[in-house]
Structure formats: C-alpha cells, structure tokens
Amino acid sequence: MIIRKAVLIIHGFAGGVYDEERLQYHLNSKLELDVYNFTLPGHKRNLTHDISYREWLDSAEKHVEMLIQKGYRTIYVVGHSMGGILATHVAIKYKEVKKLVLAAPAFQYLDEDTELKDKVDALVKNGINIVKTYHAKEILSRMLKVSIPMLMEFNKIVEYSQDKPSKVTVPTLIFQGTNDEIVPQTSSEFVYNNVKGKKWLVYLEGITHDIFCSRKTDVVNREIEKFFLSPIYHEKPIRKW
C-alpha cells in the first residue's frame, strides 16, 4: 500500500494546468508528495459549448477516485478559482482528502447580487481594466474562449455550491489577492466564515486573480508546502502579506 501523500491541483474556469505550473514544480521537489493535475472537460482548446457543470464535478471526483485506487490514503487538494469549488466538493465527499487549499475560490464572482446578463455586460465593460491588470495576451485569449452557454454553466456551479463551504471539516488554507477584479474578497471571506474545520485566510496585497503566476507566487508555494508537510500548522487565522 502507498504511504506517500498525493496532491491534486484543479485549475479554474477558462484556465488550464499551465496556471499552476510553478506550484506543481515546487511541490514535485518534495520527496513526500506525488503531485497530479488534469484538464477539466471542455478546456483542452476552445471551451466546448455542450459541457455541463456536472461534468466538471464528475471529473474532479473521478481523479480523486483514481488516486484512491492507486492506494493513496492521504490526499491534499488545491483549487484555483472555479477549481476551488471543485476542490471543496471533493473535500466533502472523500474522507481521504485531509487538507484543502483554495486560491481565490469562485463562490462569488464580480458582484454577488448581479444578474447573469449584467455579469456578462460587466465582463465586457471591465475587459479593458482586466486586460491592463493581467497579462493582456493571455486574458484576451481566454475571453475569446468563453461563450454565453459556458458562462451559464459556470454560473450554475456557483449557485449549486453555495452550501458547500459549511460542510468542510478538513483544515483549509485560503489565499485571496486584494487586487482581484474577477473573484472578490467577499468570496474568500464567505468561505472562511463558513468552513467548520480549522481555517486560515491570507490576503495577498496588490495581487490579482493570477495568484500562482504573481510576484508572490514563490512565498505562496512555500506556505502551501509548509501547510501540507507540517504536522501542526501554527499561523494566525487571518494574515496580510
């Protein structure tokens, strides 16, 4: 039986495994950890229009079950943005998931009280500011992938998952950029306030949604390593970096 620990990294909506490459490389250097990731259905090239949000949930479950079948009894899950919703889902469902890291978990996006149509309009209107804040070429590429049907599926998974954080009992480490124009700080605060297990919230001053591709990525990666490998994680519940 495998006694090593597995880490499963789940990327976000309109993203890919390349978003968390630096984290994967960092954790791969630790002998105790076997790191895995996967591409969500419909995300291999252009976003596929006929994908359902339930296929994203099923895919996350399937990959955890594959790790369990391999013999892992300790699994740590990292989720970025929508991947944070999926990571929360599997942390609730599988007892083998022992720790959870959420980076800008997308339980809210833009303004939580905004209707879907208005959110689409806001994405278009805010596009210039978002492009200025993030890597222009990358953001434009991703925006072109997103169709209205896919945005509707994203909205569905957000609505479907609103009660999930209150069911989390495993230790949970949350990161939130203070300059995130996609997932607001209130989303991470909502998760932090509802998680039932031990929890920590780290605000990253001046960082956008691209937490794993920022000037603070290295310190974030080291903190995740410490969270995973320390028998007891002694840190203040809420911190600002």
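Rules used throughout
Residues numbered from 1 in each chain as written. Predicted model: local features only at pLDDT ≥ 70, side-chain atom pairs only at ≥ 80, totals over all residues. Heavy atoms only, no water. Pairing = 2+ DSSP bridges. Helix = DSSP H or I, 4+ residues; strand = E, 2+ residues; numbered from the N terminus. Axes fitted to C-alpha atoms, helices over the stretch in contact; angles between N-to-C directions. Buried < 20%, exposed > 50% of the residue type's maximum accessible area, 1.4 Å probe, protein only. Phe/Tyr/Trp six-rings, centres within 6.5 Å; stacked < 30°, edge-to-face > 60°. Lys NZ or Arg CZ within 6 Å of the ring centre and 35° of its normal. Parallel < 35°, antiparallel > 145°, perpendicular 65-115°, else oblique. Left-handed = near helix turned anticlockwise from the far one by under 90°. Contact = heavy atoms within 4.5 Å. Nonpolar A, V, L, I, M, F, W, Y, C, P; charged D, E, K, R; others polar. pLDDT = per-residue confidence, 0-100. Right-handed = clockwise from strand over helix to strand, strands pointing away.

Draft legend 1. Local environment of the sheet that holds strand S5 (residues 172-177). Taken together, the seven strands give an open sheet; going across it, the order is S2-S1-S3-S4-S5-S6-S7, and neighbouring strands pair in parallel fashion. The open sheet is flanked by strand S2 (33-38) and strand S7 (238-240), the only strands paired with a single partner. Between one strand and the next, the sheet's axes are offset by a mean angle of 15°, whatever the strand orientation. Two elements, strand S1 (residues 5-10) and strand S3 (residues 75-80), share five bridges in a ladder whose sense is parallel.

Draft legend 2. Examining the pairing of S5 more closely. With six of six residues buried, S5 lies mostly within the body of the structure. Of the two faces of S5, both are covered, the one formed by Thr172, Ile174 and Gln176 as well as the one formed by Leu173, Phe175 and Gly177. Bridging between strand S4 (residues 97-103) and S5 involves four bridges; their strand directions are parallel. Bridging across to S5, Leu102 finds its partner in Ile174. Across six bridges, the pairing between S5 and strand S6 (residues 199-204) is parallel. From the neighbouring strand, Leu173 faces S6, where its bridge partner is Trp200.

Draft legend 3. Representation of unusual backbone geometry within the structure. Located in the positive-phi region is Ala14, a residue other than glycine, with phi close to 65°. With respect to the helices and strands, the residue Ala14 is situated in the loop between S1 and helix H1 (21-28). Note on Ala14: relative accessible area 6%, which makes it buried.

Draft legend 4. The environment of Phe13, seen in detail. Along the chain, Phe13 turns up in the loop between S1 and H1. Considering only alpha carbons, one finds Phe13 and Trp56, 43 residues apart in sequence, at a separation of 9.9 Å.

Draft legend 5. The packing of aromatic side chains, seen in detail. In this structure the tally under the stated criterion is 12 aromatic pairs. When the centroid spacing of 5.9 Å and the interplanar angle of 65° are considered together, the rings of Phe13 and Trp56 count as edge-to-face. Residue Phe13 is located in the loop between S1 and H1, and its partner Trp56 is located in helix H2 (residues 53-70); the two are separated by 43 residues in the primary sequence. For Phe13, a relative accessible area of 16% puts it in the buried group. For Trp56, a relative accessible area of 0% puts it in the buried group. Each ring, one from Trp200 and one from Phe227, has its centre 5.7 Å from the other, and the planes form 70°; the classification is edge-to-face. Within this pair, whereas Trp200 is found in strand S6, its partner Phe227 is found in helix H9 (residues 217-229), the two being separated by 27 residues in sequence. Neither Trp200 nor Phe227 differs from the other in exposure class; each is buried. A cation sits over an aromatic face here: Lys99 above Phe227, 5.3 Å from the ring centre. Seen from the ring of Tyr192, Lys199 lies directly overhead, with NZ or CZ sitting 5.1 Å from the centre.

Draft legend 6. Structural detail: the packing of helix H3 (residues 82-93) against helix H7 (residues 148-160). Packing of H3 against H7 leaves a shortest axis separation of 11 Å and a crossing angle of 40°. By the angle between their directions, the pair H3 and H7 is classed as oblique. Every pair of crossing elements has a handedness; the one defined by H3 and H7 is left-handed. Judged by residue contacts, Met82, Ile85 and Leu86 of H3 engage Phe154, Ile157 and Val158 from H7. Considered class by class, the residues forming the contact of H3 with H7 number six nonpolar, no polar and no charged.

Draft legend 7. Just the confidence of the model for the protein, in detail. A residue-level look at the protein finds 82% of positions with pLDDT of 70 or above and a mean pLDDT of 87. Low confidence marks residues 122-134, where pLDDT is under 50. Its contacts with residues over four positions away, or in another chain, come to 23 contacts.

Draft legend 8. Representation of the pairing of S6 within the structure. For S6, the buried fraction is high: five of the six residues fall into the buried class. In this fold, the crossover linking S5 to S6 by way of helix H8 (residues 185-194) has right-handed handedness. Looking at chain direction, S6 and S7 are connected through three bridges and run parallel. Along S7, the bridge assignment pairs Tyr203 with Lys240. Between S6 and its parallel partner S7, the chain crosses via H9, and the hand of that crossover is left-handed.

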